[in-house]
Amino acid sequence: MPMELARNWRLRRQRLSLEGAQCAACGHLVFPTRPVCPKCRSRQLQPYRFSGRGEVYSFSTVYEPPAGFEGYAPYTVAQVRLAEGPLVTAQLTDVDADSVYIGMKVEMVTRKLFEDGENGLLVYGYKFRPPVMAPTNGHVSADVLAHTEPQHEAQAPVLVAN
Amino acid sequence: MKPNRPVGIVGYGAYVPRFRIKAAEIARVWGAGEGGLPIEEKAVSGLDEDVISMSIEAARNALRRAQIDPQEIGAVWVGSESHPYAVKPSSTLVAEAIEATPLVSAADWQFACKAGTEAMQAAFGYIGSGMVHYALAIGADTAQGRPGDALEYTTGAGAAAFILGPGEESLAVLEESLSYVTDTPDFFRRPYMHYPEHGNRFTGDPAYFHHSVTAGQKLLEQLGRTAKDYTWAVFHQPNVKFPSKAAQMLGFSPEQIAPGLLVGQIGNTYAGASPIGLTATLDVAQPGDRIFMVSFGSGAGSDALSLQVTDAIVERRKRAAPTLAYVKRREEVDYATYARLRGKLQMA
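Residues numbered from 1 in each chain as written. Chains lettered and ligands numbered in written order. Predicted model: local features only at pLDDT ≥ 70, side-chain atom pairs only at ≥ 80, totals over all residues. Heavy atoms only, no water.

Colleague: Before we go on, may I ask you to explain the overall build of chain A in this structure?
Modeller: In terms of helices and strands, chain A carries three helices and eight strands. Order of helices (α) and strands (β) in chain A, N terminus to C terminus: α-α-β-β-β-β-β-β-β-β-α. Sorting the 162 residues of chain A into buried and exposed places 41% on the buried side. When contacts within chain A are restricted to residue pairs at least 6 apart in sequence, long-range pairs at least 24 apart make up 48% of them. When the accessible surface of chain A is summed, it comes to about 8,900 Å², and 52% of that surface belongs to carbon and sulfur atoms. (Helix = DSSP H or I, 4+ residues; strand = E, 2+ residues; numbered from the N terminus. Buried < 20%, exposed > 50% of the residue type's maximum accessible area, 1.4 Å probe, protein only. Contact = heavy atoms within 4.5 Å. Areas by Shrake-Rupley, 256 points an atom, 1.4 Å probe, with all protein chains shown as cover.)

Written out as structure tokens, the structure reads:
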């Protein structure tokens, strides 16, 4: 088995929770975390979890992917400017390449990044996508009822419950 | 059954992938004709989606609604029959992603399509006994169906998550529940097999209808109620016809099951099916409404639950995307793209 287990495990908070760091001396935010603050050179960096909200700063679509990502091509990679400031490079998901634009609002989701071979680790982490929708005022009843009217149809050949 | 201490749902959330394939497109490929198709279309998971990723998003929506510290969650239980690993819990990754680790119980549950409600039942007991304050129960599946098989028309993808907790904090309080189980082998999948086997019509009367309707009847009897005492009802939904008929047999009207009957638009999401029906129903329920829910899992059994909605629903449901936002977010794909997304192409 490829021995990337420890490295992937060490990165779990960064990948799953978008955890970077904040400098306790000057307040500067960084992603990913690093041992020294790039602004004031303090070593007092504390874990900081980013909101996951941001917008596309730049992007490109990958047609010739590196090893391990062949099955996902074509896919779009973007630099996302997080609401808190840092730039993050990540794949976009749930969006067609031709509808991506600079300044597009995105939100972080956790998705499968790649599989470490057929019998290896499944690696999960952050990607970004257009927000599903802002929370509503909660009044969707008429809409729901119209959308989910039971279908009345002919007898199906075989209906299988499971 | 119910614990001595009142328990209920503190937060809930759903997730449905954005891809859809029409049943008519599947029928076109296999020359089956378009008459009597069991659903309109089904949700298809993307290349980077599986039970773990879908569970995480549903759980985050539940957390947004509950607004609790994830460190207070004492159990993360994921029910599914399509866990990405044969050996390694999905639940540890979900717990890590929502930052509920490390003082937490985590386990994967399996009981075909009722694995999610089975996890809910156990979580109610865990909370009711005082062992934990909150528990997260999830039903999720990327359902498998052999190409050309009757199952392929309906096998969908989706997840629903419930943060369960004390009754006084709940947006819907558990009034009573029961589980009704027999050994009825209507559907199963052996180790190393890609696709399940099923008993065609044997999955109907002796399996789905017997367990769903009996569980429903017995719960109504225990509570001394009829269908008229409920505002809403949710049933397991392998197709549109079965839950509609089961509801009718128990005396529920089409209007009572309408908000929670989503199979026509997203397919049978297996362990996610009745739980997603419940999240969609909670999206429209009003304080005081009663919700009747019956799951079904092949093998076979049903969990029946009676819930009463509280005032907390009004504020909490606004805090995350409603189920319908995911249902309406759709991109239609043809059979070739669907075959690629679902890994049905042999590459080597």
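Colleague: Could you clarify how one ought to interpret the domain arrangement of chain B in this entry?
Modeller: For interface size, the figure often reported is the accessible area lost on association. All names here are of chain B. Taken domain by domain, chain B holds domain 1 (7-171) and domain 2 (176-190 + 197-313). The interface is formed by 46 residues belonging to domain 1 together with 45 residues belonging to domain 2. Taking both partners together, domain 1 and domain 2 bury about 3,200 Å²; carbon and sulfur atoms supply 62% of that area. Interface area lost by domain 1 to domain 2 is led by Cys113, Gln121 and Leu171, which between them contribute 20%. Between domain 1 and domain 2 we count three salt bridges in total. (Domains from an automatic or database assignment. Buried area = accessible area lost by both parts, 1.4 Å probe. Salt bridge = Lys/Arg side-chain N within 4 Å of Asp/Glu carboxyl O.)

Colleague: Is there a simple way to explain the nonpolar core in this structure?
Modeller: Residues and elements named next belong to chain B. In terms of nonpolar packing, the biggest core is built from 77 residues, with Ile9, Ile73, Ile163 and Leu282 touching the most fellow members. Looking at which element gives the most residues to this core, the answer is helix H2 (residues 51-66), with nine residues. Counting residues domain by domain, this core receives three or more from each of domain 1 (7-171) and domain 2 (176-190 + 197-313). Listed in part, the 42 residues of the second largest apolar core include Ala23, Ile39, Val294 and Phe296. (Core = buried A, V, L, I, M, F, W, Y, C linked by side-chain atoms within 4.5 Å.)

Colleague: Any chance you could explain the packing of aromatic side chains here in plain terms?
Modeller: Working definition: an aromatic ring pair is given by the centre-to-centre distance plus the angle between the planes. Evaluated as defined, the whole model comprises 21 aromatic pairs over all chains. Judged by centre distance (4.9 Å) and plane angle (55°), the rings of Trp77 of chain B and Tyr126 of chain B are tilted. Taken together, the positions of Trp77 of chain B in strand E4 (residues 73-79) and Tyr126 of chain B in helix H4 (residues 115-128) put the pair 49 residues apart, joining distant regions of the chain. Given the relative accessible area of 5%, Trp77 of chain B is considered buried. Taken together, Phe31, Tyr48, Phe50, Tyr126 and Phe128 of chain A form an aromatic cluster joined through their ring pairs. (Phe/Tyr/Trp six-rings, centres within 6.5 Å; stacked < 30°, edge-to-face > 60°.)

Colleague: What's the story with the packing of H2 of chain B against helix H3 (residues 90-97) of chain B in this structure? I'm lost.
Modeller: For any two helices packed against each other, the geometry is given by the interaxial angle and the distance between the axes. Residue and element names in this part refer to chain B. Contact geometry of H2 with H3 gives a least axis separation of 9 Å together with a crossing angle of 40°. It follows that H2 is oblique to H3 by the angle criterion. Read as a crossing pair, H2 and H3 show a hand that is right-handed. The residues of H3 that touch H2, namely those facing Val51, Ile52, Ser55, Ile56, Ala59 and Arg60, are Ser90, Leu93, Val94 and Ala97. (Axes fitted to C-alpha atoms, helices over the stretch in contact; angles between N-to-C directions. Parallel < 35°, antiparallel > 145°, perpendicular 65-115°, else oblique. Left-handed = near helix turned anticlockwise from the far one by under 90°.)

Colleague: Teacher, can you tell me more about the sheet that holds strand E3 (residues 45-49) of chain A here?
Modeller: To summarise the sheet geometry, strands pair through backbone hydrogen bonds and adopt either a parallel or an antiparallel arrangement. A sheet is described by the order of its strands in space; here three strands give the open sequence E2-E1-E3 (chain A), paired in antiparallel fashion. Edge positions in the open sheet fall to strand E2 (29-30) and E3 of chain A, since each of these has one partner strand only. (Pairing = 2+ DSSP bridges.)

Colleague: How should the environment of Leu122 of chain A be read in this particular structure?
Modeller: By the secondary structure assignment, Leu122 of chain A is in strand E8 (residues 122-129). Its relative accessible area of 12% is what places Leu122 of chain A among the buried residues. Spatially, the C-alpha atoms of Leu122 of chain A and Val62 of chain A are 21 Å apart, while their sequence positions differ by 60 residues. Leaving out residues up to four positions away in the same chain, Leu122 of chain A has contacts with Lys112, Phe114 and Glu115 of chain A together with Pro84 and Tyr85 of chain B.

Colleague: Before we go on, may I ask you to explain the pattern of salt bridges in this structure?
Modeller: When their charged atoms lie close together, side chains carrying opposite charge are able to pair. All chains considered together, the criterion is met by 28 salt bridges over all chains. For the salt bridge of Arg18 of chain B with Glu331 of chain B, the shortest nitrogen-to-oxygen distance reads 2.6 Å. With a gap of 313 residues between them, Arg18 of chain B in the loop between strand E1 (7-15) and strand E2 (19-22) and Glu331 of chain B in strand E14 (residues 331-332) connect regions that are remote in the sequence. Residue class for Arg18 of chain B comes out buried when judged on its relative accessible area of 10%. Judged by relative accessible area, Glu331 of chain B falls into the partly exposed class, the value being 23%. The partner of Asp303 of chain B in a salt bridge is Lys114 of chain B, and the shortest N-O contact between them spans 3.0 Å. In this pair, Asp303 of chain B sits in strand E13 (residues 299-309) while Lys114 of chain B sits in the loop between strand E5 (105-109) and H4, placing the two residues 189 residues apart along the sequence. The network of salt bridges with shared partners includes Asp94, Glu107, Arg111, Lys127 and Arg129 of chain A together with Asp48, Glu49, Glu57 and Arg329 of chain B.

Colleague: So what exactly am I meant to see when it comes to the interface of chain A and chain B here?
Modeller: Listed as interface residues are 47 residues of chain A and, on the opposing side, 69 residues of chain B. Asp94 of chain A is the partner of Arg329 of chain B in a salt bridge, and the nearest nitrogen-oxygen pair spans 2.9 Å. Taken together, the links from chain A to chain B amount to 19 residue pairs in polar contact (both at pLDDT 80 or more). Sorting the residues of the side of chain A that touches chain B by element identifies helix H2 (12-17), strand E7 (105-115), E8 and helix H3 (141-147) of chain A as the ones contributing at least two each. Here the residues of the side of chain A that touches chain B sort into 23 nonpolar, 13 polar and 11 charged. (Polar contact = N/O pair within 3.5 Å; in protein donor to acceptor, adjacent residues only side chain to side chain. Nonpolar A, V, L, I, M, F, W, Y, C, P; charged D, E, K, R; others polar.)

Colleague: For this particular structure, what's the right way to read the environment of Val88 of chain A?
Modeller: Residues and elements named next belong to chain A. One can find Val88 in strand E6 (residues 87-91). It is 8.0 Å that separates the C-alpha atoms of Val88 and Ala78, two residues lying 10 residues apart in sequence. Val88 has contacts with Phe31, Ala78, Gln79, Val80, Leu82, Tyr126 and Phe128, leaving out every residue within four places of it along the chain.

Colleague: Even after reading the chapter, I still don't get helix H6 (residues 241-250) of chain B, so can you show me in this structure?
Modeller: Since the α-helix advances by 3.6 residues per turn, residues separated by three or four positions end up pointing in the same direction. All names here are of chain B. Taken together, the buried positions of H6 are Phe242, Pro243, Ala246, Ala247 and Leu250. The buried residues of H6 occupy an angular sector of 130° when the element is viewed end-on, so they sit on one face. Taken together, the buried residues of H6 touch helix H5 (204-223), strand E11 (232-235), helix H7 (254-257) and strand E12 (290-294). Where H6 ends, the next residue or the one after it, Gly251, has phi of about 95°, a positive value. (Arc of directions from axis to C-beta.)

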